[in-house]
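Observations on chain architecture
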Amino acid sequence: MKVRKAVIPAAGLGTRVLPASKAVPKEMLPIVDKPAIQYIVEEAVKSGITDILVITNRGKSLIEDHFDHAPELEEKLLSSGKTALYEEMASLAHLCNIQYVRQKETKGLGHAVLCARSFVGDEPFAVLYGDDVIISPDPAIGQLMRVYEKYGKNVVGIKPVPDHLISSYSSLGVNQVCCNIYNVYDMVEKPTPEEVLSNFSILGRCVLTPEVFDILEDTPPSRNGEIQLTDAMQVLAAHGKMMGIEYEGTRYDMGNKLGMLQAIVEVGMAHPEIGADFRAYLKQLSID
Ligand code: UTP
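To start, this report covers the structure provided alongside it.

Reading the values: the criteria
- Residues numbered from 1 in each chain as written.
- Predicted model: local features only at pLDDT ≥ 70, side-chain atom pairs only at ≥ 80, totals over all residues.
- Heavy atoms only, no water.
- Core = buried A, V, L, I, M, F, W, Y, C linked by side-chain atoms within 4.5 Å.
- Buried < 20%, exposed > 50% of the residue type's maximum accessible area, 1.4 Å probe, protein only.
- Contact = heavy atoms within 4.5 Å.
- Pairing = 2+ DSSP bridges.
- Helix = DSSP H or I, 4+ residues; strand = E, 2+ residues; numbered from the N terminus.
- Disulfide = S-S within 2.5 Å.
- Polar contact = N/O pair within 3.5 Å; in protein donor to acceptor, adjacent residues only side chain to side chain.
- Near = heavy atom within 4 Å.
- Areas by Shrake-Rupley, 256 points an atom, 1.4 Å probe, with all protein chains shown as cover.
- Nonpolar A, V, L, I, M, F, W, Y, C, P; charged D, E, K, R; others polar.
- Axes fitted to C-alpha atoms, helices over the stretch in contact; angles between N-to-C directions.
- Phe/Tyr/Trp six-rings, centres within 6.5 Å; stacked < 30°, edge-to-face > 60°.
- Lys NZ or Arg CZ within 6 Å of the ring centre and 35° of its normal.

**Structural notes on the nonpolar core**
Grouped together as the largest cluster of nonpolar side chains are 46 residues, with contacts concentrated most on Ile37, Ile49, Ile52, Ala126, Leu128 and Val207. Apart from the residues lying within four places of it in its own chain, the contact partners of Ile37 are Ile8, Glu27, Met28, Val54, Ile63 and Phe67. Among the nonpolar cores identified, the runner-up in size contains 35 residues, and Val113, Leu114, Ile158 and Val174 belong to it.

And the structure:
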């Protein structure tokens, strides 16, 4: 079965990037000239996704405005002859079918995904974490979708994480199937040093079967009171229903300050309009 639907959880509180995320959702913070969530929606659309559900909460209506028409702005751009910019802005309202649902309590990523149950129905679906931007010529979620379509199992996007950071991520037990594809037989969220299974962690993307919803319904909150998606995916892994792909692409964690800066610098350096000037500026800075 083809994957057509995607869920973007974007209802977190973004406490690691306060005060920037106090009134502006962290998913709307820009990388140069585009909000993070636009990169994510474009990645999904390029991969063949036709329907997206964004999980939002209070104060996230800016996300809805971004993917809608802005009649005054569009008229102004047209009347002043800025046709290319007009077309770019107007096209944001038609990237694909985007719907929204509110997560009424911030009870964790697992709880956010559970809010997508009626949207998803009985199809496999992609999950793109709203604060993980992945830049890749071959869109990351498309790489996972191809693994799902080949093996018919749940798939997580994985990458190795340095030893000193693994306790802030998840850790996976894996067996290599071929090149960058693995069977995932176990996983643990935010492991203690004794619990670490490997340096592979889930970074920002997965493709899940609707079976995960029944598991999430029965998943108790973890130590921090949140329902962890990893805990539900662990059940699938333990039953031999989970694979992983070490996807190609650079992932930027827009949920922390360093990740935001890395994204802005690297995307800025490659930017068609300001890249050359920005590189010259950085060079000048490093000489001074
Ligand atoms: P994070 O744990 O990185 O987001 O969740 P957070 O809770 O906003 O982070 P901090 O610790 O407070 O800085 C990963 C993704 O899941 C979403 C977030 O918006 C983010 O895109 N999320 C998280 C939800 O949609 N609902 C939640 O209850 C928690």
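**A closer look at the pairing of strand E9 (residues 170-178)**
Inspection of the sheet shows E9 paired to strand E10 (residues 181-189) by 8 bridges, in the antiparallel sense. Within E10, the residue paired with Gly173 across the bridge is Asp186. The antiparallel pairing of E9 with E10 creates a hairpin that spans 2 residues between the two strands, and Cys179 there sits at a positive phi of about 25°.

**Comments concerning the state of the cysteines**
Tallying each qualifying case throughout the model produces 0 disulfides. Cys178 takes part in no disulfide bond, and the closest cysteine sulfur to it belongs to Cys179, at a distance of 4.0 Å. Under the relative-accessibility criterion, Cys178 is labelled partly exposed at 32%. On the basis of relative accessibility, which here comes to 57%, the residue Cys179 falls in the exposed class.

**Description of the side chain of Glu189**
On the secondary structure map, Glu189 appears in strand E10. The exposure class of Glu189 is buried, given its relative accessible area of 17%. Within polar-contact distance, the side chain of Glu189 engages the side chain of Lys190 at 3.1 Å. Looking at Glu189, its side chain comes within polar contact range of the side chain of Thr230, at 2.5 Å. Beyond its immediate stretch of four places on either side in the chain, Glu189 contacts Tyr169, Ser170, Arg223, Gln228 and Thr230.

**Some points on the site of the ligand**
Taken together, 18 residues are adjacent to the ligand, and Gly12, Gly14, Thr15, Gln103 and Gly108 come closest. One of the side-chain N or O atoms of Thr15 is found 2.6 Å from an oxygen atom in the ligand. Asp131 is positioned with one of its side-chain polar atoms (N or O) 3.1 Å from an oxygen atom of the ligand. For the ligand, whose unbound accessible area comes to 570 Å², protein coverage reaches 85%. The residue inventory of the shell around the ligand, partitioned by class, reads 6 nonpolar, 7 polar and 5 charged.

**Notes on the sheet that holds E9**
Pairing between sheet strands relies on hydrogen bonds along the backbone, with the strands arranged either parallel or antiparallel. Strand order across the open sheet formed by 9 strands is E5-E4-E1-E6-E11-E8-E12-E10-E9, with mixed pairing between neighbours. Looking at the sheet topology across the chains shown, the edges are occupied by strand E5 (97-102) and E9. The average undirected angle you get between the axes of adjacent strands in this sheet is 30°. Packed onto the sheet, helix H9 (residues 229-238) meets strand E8 (154-160), E9, E10, strand E11 (200-208) and strand E12 (242-246) and runs at close to 135° relative to E10.

**Regarding the environment of Ile134**
Structurally, Ile134 is set in strand E7 (residues 132-135). Contact partners of Ile134, with chain neighbours within four places excluded, come to Glu43, Ala140, Leu203, Arg205, Tyr247, Gly249, Thr250 and Arg251.

**Considerations on the pairing of E10**
Bridge analysis of E10 against E12 gives 3 bridges, and the strand direction is antiparallel. From the neighbouring strand, Tyr182 faces E12, where its bridge partner is Gly244.

**Considering the packing of aromatic side chains**
For the structure shown, the criterion picks out 3 aromatic pairs. Between the aromatic rings of Phe125 and Phe213, the centroid separation amounts to 5.3 Å while the plane-to-plane angle is 10°, which identifies the pairing as stacked. Of this pair, Phe125 sits in strand E6 (residues 125-128) while Phe213 sits in helix H8 (residues 211-217), and the two are 88 residues apart along the sequence. Seen from the ring of Phe119, Lys5 lies directly overhead, with NZ or CZ sitting 5.4 Å from the centre.

**Focus on helix H1 (residues 36-46)**
For H1, the buried fraction is high: 9 of the 11 residues fall into the buried class. Taken as a whole, H1 has its buried residues at Ala36, Ile37, Gln38, Tyr39, Ile40, Val41, Glu42, Glu43 and Ala44. Looking one or two places after H1, you find Gly48, whose phi comes out positive at around 105°.

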